[in-house]
Each structure stands twice: as structure tokens, then as C-alpha cells.
Amino acid sequence: MSTHVKKPGWFTVNVFNRVVAWMTRRGLSVWGSRVLAVRGRKSGEWRTTPVNLLTVDGQQYLVAPRGHVQWTHNMRAAGGGELRLGKNVDAFTATEVTDDDKVPLLRAYLKRWKAEVGVFFNGVGPDSPDAELRRIAPDHPVFRITVTS
């Protein structure tokens, strides 16, 4: 498994993520934003972070543009969590997508959010060849979401 991680900078942590999470908690989705809540794998406490919810062919996915970050480790341990938008809370289970199956999902994610997250994909974009998307697939966990509530 890849250990790729792009840690967020001060502006992202202290301004951008907080603004997006604040708006999302009040029911204003910013380009598909949700607040992801996952139980910590060690503490058992709820951990939250803003995420972009991707829908492809009627299925929902969470993509980790920054790589194998804390929420991805917690998701693997917990097997699911909650997606929150305002007062709406959707409990879900999560299944990690194999690297070979990520190519169309990464392409769709980059088509929608490249301006926001493109820098984390090291020059690979929505128009890159399949081989390039497959090359970076191990660096970006993807989870298929199945809503249970």
C-alpha cells in the first residue's frame, strides 16, 4: 500500500476547511460537499472533515485527494461512518475500491474538482491517459458508499 500523504497547509486547515464545514453543517453544500464523520480507530471518538461526495452511475464515492490521511485509516477500521449536510445525517458502510477500478472514478473526480484539488495529483488531470491515472491510483484511496439509513 502507498504511504502517499499531502498534508494541508495552514490556510486550508484554519480557513478553507472551516468555512466549507461551517456552510455544510448549515445545509449549504459547496459543489457536493459533506461533513464526513468517522469513529477514530484508536479513540473511538467521532472525527469530522469536509469531503466531496462523488456520484458516478448512481453510485456514491469518497476520494482522498491528499492520499492516505487519517480519515482513510479510520474508514478502513470502522467500515463506514456518517455523511452530514445540515440536519440530514446519512449513515453508511464503505467498501474500498481496488486500484484497477479507480481510473474512471479518479477521472470523474478530477473533472469536477480539479480546480480545488488538482495540485494533489502531481500533474495528472481528467484528460490524462488511463495509464497515468492507474499509476497514481495507489496514492488516492477511494471508497464506495452504501447509505444504510
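Parameters at a glance
- Each chain carries its own residue numbering, running from 1 in the direction its sequence is written.
- In keeping with the model being predicted, local features are shown solely for residues with a pLDDT of at least 70 and side-chain atom pairs are shown and tallied solely at 80 or more, while totals for entire chains, interfaces and linings include all residues.
- The basis for the side-chain values is all heavy atoms of the structure; hydrogens and waters are excluded.
- Under the scheme used here, helices are H or I runs from DSSP no shorter than 4 residues and strands are E runs no shorter than 2 residues, and both carry numbers assigned from the N terminus.
- In this description, contact between two residues means that some pair of their heavy atoms is separated by no more than 4.5 Å.
- Surface exposure here means Shrake-Rupley accessible area, sampled with a 1.4 Å probe, where a residue is shielded only by the protein chains that are shown.
- Whether two strands pair depends on DSSP finding at least two bridges between them.
- A carboxyl oxygen of Asp or Glu within 4 Å of a side-chain nitrogen of Lys or Arg is what we treat as a salt bridge.
- Only protein chains enter the accessibility calculation, which uses a 1.4 Å probe. A residue is then buried if its area is under 20% of the maximum for its type, exposed if over 50%, and partly exposed in between.
- This arc describes the spread of directions from the helix axis toward the C-beta atoms.

A. Summary view of the overall build of the protein chain. The helix and strand tally for the protein chain stands at four helices and six strands. Each helix and strand of the protein chain, ordered N terminal to C terminal, gives the series α-β-β-β-α-β-β-α-α-β. For the protein chain, the share of sequence-separated contacts (at least 6 apart) that also reach a separation of at least 24 residues comes to 64%. Carbon together with sulfur atoms contributes 52% to the accessible area of the protein chain, which is approximately 8100 Å² in total.

B. Molecular detail of unusual backbone geometry. Positive phi, normally seen in glycine, also occurs at Asp57, with a value near 50 degrees. Examined against the element boundaries, Asp57 turns out to sit in the loop between strand S2 (46-56) and strand S3 (59-63). Of note, the phi angle at Asn122 is positive, near 50 degrees, even though the residue is not glycine. Along the chain, Asn122 turns up in the loop between helix H3 (103-117) and helix H4 (130-136).

C. Main features of the pairing of strand S5 (residues 88-96). In this sheet, S5 lies alongside strand S4 (residues 80-85) in antiparallel orientation, the contact comprising six bridges. For Glu82, the partnering residue across the bridge sits in S5 and is Ala91. The hairpin turn running from S4 into S5, its antiparallel successor, is two residues long, and Gly86 in that turn takes a positive phi close to 60 degrees. For S5 and strand S6 (residues 142-147), the ladder comprises five bridges, and the chain directions are antiparallel. Paired with Thr95 across the strands is Arg144, a residue of S6.

D. Main features of the pattern of salt bridges. Counted under the stated rule, the structure contains six salt bridges. Ionic pairing is found between Glu82 and Arg84, a salt bridge with its closest N-O pair at 2.8 Å. Across the salt bridge formed by Arg134 and Asp100, the nearest N and O atoms sit 2.7 Å from each other. In this pair, Arg134 is assigned in helix H4 and Asp100 in the loop between S5 and H3, connecting sequence segments 34 residues apart.

E. The arrangement of the environment of Phe121 in detail. Here Phe121 shows up in the loop between H3 and H4. Placed twelve residues apart in sequence, Phe121 and Leu133 show a C-alpha to C-alpha distance of 9.2 Å. Once residues within four sequence positions are removed from consideration, Phe121 is found in contact with Pro65, Leu106, Tyr109, Leu110, Ile136 and His140.

F. Representation of helix H2 (residues 70-78) within the structure. Trp71, Thr72, Asn74 and Met75 are the residues of H2 that are buried. In a view along the axis of H2, the buried residues occupy a sector of 165 degrees, so they form one face of it. Of the exposed residues in H2, those oriented more than 90 degrees away from the buried face are Gln70 and Ala77. Where the residues of H2 are buried, they touch strand S1 (33-39), S2, S3, S4, S5 and S6. A positive backbone phi angle near 75 degrees is found at Gly79, which sits one or two residues after H2.

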